[in-house]
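Next come the chains, spelled out residue by residue.
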Amino acid sequence: MKSICVIGIGYVGLPTAAMFASKGHRVVGFDLNKKAVDALNRGEIIIEEPGLADLVKEVVANGSLTASTECPDNCDVYIIAVPTPINEDKTADMRYVESATRSIVPHVRKGCIVILESTSPPRTVTDLMLPILKETGLEIGEELLVAHSPERILPGRVLEELRTNSRIVGGINEKSAKAVKEIYESIVEGEIFITTSTTAEMCKLMENTFRDVNIALANELAKMAEELGVNAWEVIKLANQHPRVNILSPGPGVGGHCIALDPWFLVEKSKQAKLIHQARLNNDGMPEFVKNKTDSIIGGLNGKTVAVYGATYKPNIDDVRESPIMHLIDMLEADGAKVRLCEPHAADKLGNCFDIYEAANGADIAVLGVNHDEFKDVDFNKLTDGMKAKNILDTRNFWDEDKVTAAGAKYYLLGRGTE
Ligand code: SAJ
């Protein structure tokens, strides 16, 4: 049993803290956000993630997880899981990692372990953290062990992936890597691979970059298909029959706090990252492409009403960070359209949301932005009933064209050109 401090009790830190607590460790979640700390001490959570509320309730009730707005003394392990957002100029904002590292300096003692989980630009542990940790006076790598073990959990499946995914542990030396591997062995059933801290940083960034570049390729296909009179979705289905081809799905853009940001950390650090840079620009351009498509379907946006279905960055979660649909809404409004949003997962956060059928009232077009389960079996007769013009734009290939047309509406699909 270890005493563990998790710094940052957000999307990554909270489930990690709860998992360690459920395996018999004594865990303190340290966060400057008093609202999150107070909620956690009451056994409540302020994010949506399957299974997390029950787990947190249980470990808070049995006393193994507590939260504090002050960094605790005398922990064996300090895990940093704070956000690494991006600045306006697309460079990494490392202030939280830096201040989290500084905050533990007065509290660590001989034998302590410091782990960075936050996704960070290459060389963060070596160039940013180690100089700060040296201020402890402890011998780094001997008396104070340090590693980067990037989180790789998929929002919406966090608890399962935390347990079953393999894990990379990049130590500043072998002693650090081995000690940190042992810590994660108590919660991870997947394999744990040992490497250096900078390699671990690069691995995490390249995983998300791999996905970003491949989504950019799918989005480029969608745009070409519209120009050349082909259905991109059919091309993908058929091309993916090839045993070594797996084209991903086009969509209104890439959102979330990971894939939409992480590739920039490589662009910032290396002039070689040209394809990676272009992929980011392609994906960031998708909301505008969808806005223009909406505009051309209804013949101009000014004074029109657009019903938007879904605003989170992907289905069945409540996270709107970097959501392409939020950008789309801003652009529609900037061009003079009135937006009526239906977002069952984040209505509290966003305000001004309508239910599925109310949202389309008086609309000139309904745009499906996120393929939430709630939207699967909509009754298109009911949805299009009060619409001013019965136009449906599906950006996810999610709605059934036959059902839409049976309701007397016109169905448009992102990535489908007319031959
Ligand atoms: N998307 C597409 N087309 C696709 C797949 C995704 O447009 O074919 C879009 C989604 O709509 C969404 C975005 O990409 O807006 C990202 O969604 P995602 O489900 O691919 O990934 P995230 O951002 O939720 O989580 C990723 C995961 N990384 C990988 O799969 C390589 C997760 O394992 C990481 O832990 C997470 O980033 C992270 O925290 O870094």
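Summarised in this report is the structure supplied together with it. Worth saying up front: this structure is predicted, and the values here are computed from it rather than measured. (Residues numbered from 1 in each chain as written. Predicted model: local features only at pLDDT ≥ 70, side-chain atom pairs only at ≥ 80, totals over all residues. Heavy atoms only, no water.)

Observations regarding the site of the ligand
Right, on to step 1. By nearness alone, 21 residues border the ligand, and E151, R152, K204, R211 and Y313 come closest of all.
Right, on to step 2. Side-chain polar atom of K314 to an oxygen atom of the ligand: 2.9 Å apart, as the coordinates give it.
Right, on to step 3. More than half of the atoms belonging to the ligand lie within 2 Å of the grid points that define the second largest pocket.
Right, on to step 4. Top element by residues in the shell around the ligand is helix α8 (residues 197-228). It accounts for five residues.
Right, on to step 5. Residues that form the shell around the ligand fall into these classes: nine nonpolar, four polar and eight charged.
Right, on to step 6. Looking at which domains feed residues into the shell around the ligand, each of domain 1 (3-204) and domain 2 (229-419) supplies at least three. (Near = heavy atom within 4 Å. Polar contact = N/O pair within 3.5 Å; in protein donor to acceptor, adjacent residues only side chain to side chain. 1 Å grid on protein atoms, 1.4 Å probe; cavity = no way out; pocket = protein on both sides within 12 Å on 5 of 7 lines; lining within 4 Å. Sits in = over half its atoms within 2 Å of the grid points. Helix = DSSP H or I, 4+ residues; strand = E, 2+ residues; numbered from the N terminus. Nonpolar A, V, L, I, M, F, W, Y, C, P; charged D, E, K, R; others polar. Domains from an automatic or database assignment.)

Quick look at the packing of aromatic side chains
Right, on to step 1. Tallying each qualifying case throughout the model produces four aromatic pairs.
Right, on to step 2. Seen in terms of ring centroids, F20 and Y184 are 5.9 Å apart; in terms of plane orientation they differ by 50°. Their pairing is tilted. In this pair, F20 sits in helix α1 (residues 13-22) while Y184 sits in helix α7 (residues 174-185), placing the two residues 164 residues apart along the sequence.
Right, on to step 3. Y184 sits in the buried class, given a relative accessible area of 0%.
Right, on to step 4. Between F380 and W399, the aromatic rings sit 5.1 Å apart at their centres with planes inclined by 85°, giving edge-to-face as the arrangement. Linking F380 in helix α16 (residues 380-385) with W399 in the loop between β12 (391-394) and α17 (401-406), this pair joins segments that are 19 residues apart in sequence.
Right, on to step 5. Take F380: its relative accessible area is 4%, and that puts it in the buried class. (Phe/Tyr/Trp six-rings, centres within 6.5 Å; stacked < 30°, edge-to-face > 60°. Buried < 20%, exposed > 50% of the residue type's maximum accessible area, 1.4 Å probe, protein only.)

Brief notes about unusual backbone geometry
Right, on to step 1. A positive phi angle is found at E322, which is not glycine, with a value near 55°.
Right, on to step 2. Its place among the elements puts E322 in the loop between β9 (305-309) and α13 (324-334).
Right, on to step 3. Take E322: its relative accessible area is 36%, and that puts it in the partly exposed class.
Right, on to step 4. Of note in this structure, N397 is not a glycine but carries a positive phi near 55°.
Right, on to step 5. Inspection of the secondary structure assignment puts N397 in the loop between β12 and α17.

Section: helix α12 (residues 286-298)
Right, on to step 1. Taking 1.5 Å per residue as the helical rise, α12 with its 13 residues ought to reach 18 Å, and the 19 Å between its terminal C-alpha atoms agrees with that figure.
Right, on to step 2. Taken together, the buried positions of α12 are M286, P287, V290, K291, K293, T294, I297 and I298. Seen along its axis, α12 keeps its buried residues to an arc of 160°; they face one direction.
Right, on to step 3. In the stretch just after α12, G299 is the one whose phi turns positive, near 65°. (Expected span 1.5 Å × (residues − 1). Arc of directions from axis to C-beta.)

Looking at the pattern of salt bridges
Right, on to step 1. One pass over the full model with this rule turns up 24 salt bridges.
Right, on to step 2. The salt bridge involving R109 is made with D76; its shortest N-O contact spans 3.4 Å. With R109 in the loop between α4 (95-104) and β5 (112-116) and D76 in the loop between β3 (65-68) and β4 (77-80), the pair connects residues that are 33 residues apart, well separated along the chain.
Right, on to step 3. For R109, a relative accessible area of 31% translates into the label partly exposed.
Right, on to step 4. D76 sits in the partly exposed class, given a relative accessible area of 24%.
Right, on to step 5. Its salt-bridge partner being K178, residue E174 comes within 3.1 Å of it at the nearest N-O pair. Of the two residues, E174 and K178 are both situated in helix α7; the distance of four residues between them amounts to about one turn of the helix.
Right, on to step 6. Accessibility expressed as a relative area gives 53% for E174, which makes it exposed.
Right, on to step 7. Several salt bridges share partner residues, and in doing so they unite E98, R102 and E135 into one network. (Salt bridge = Lys/Arg side-chain N within 4 Å of Asp/Glu carboxyl O.)

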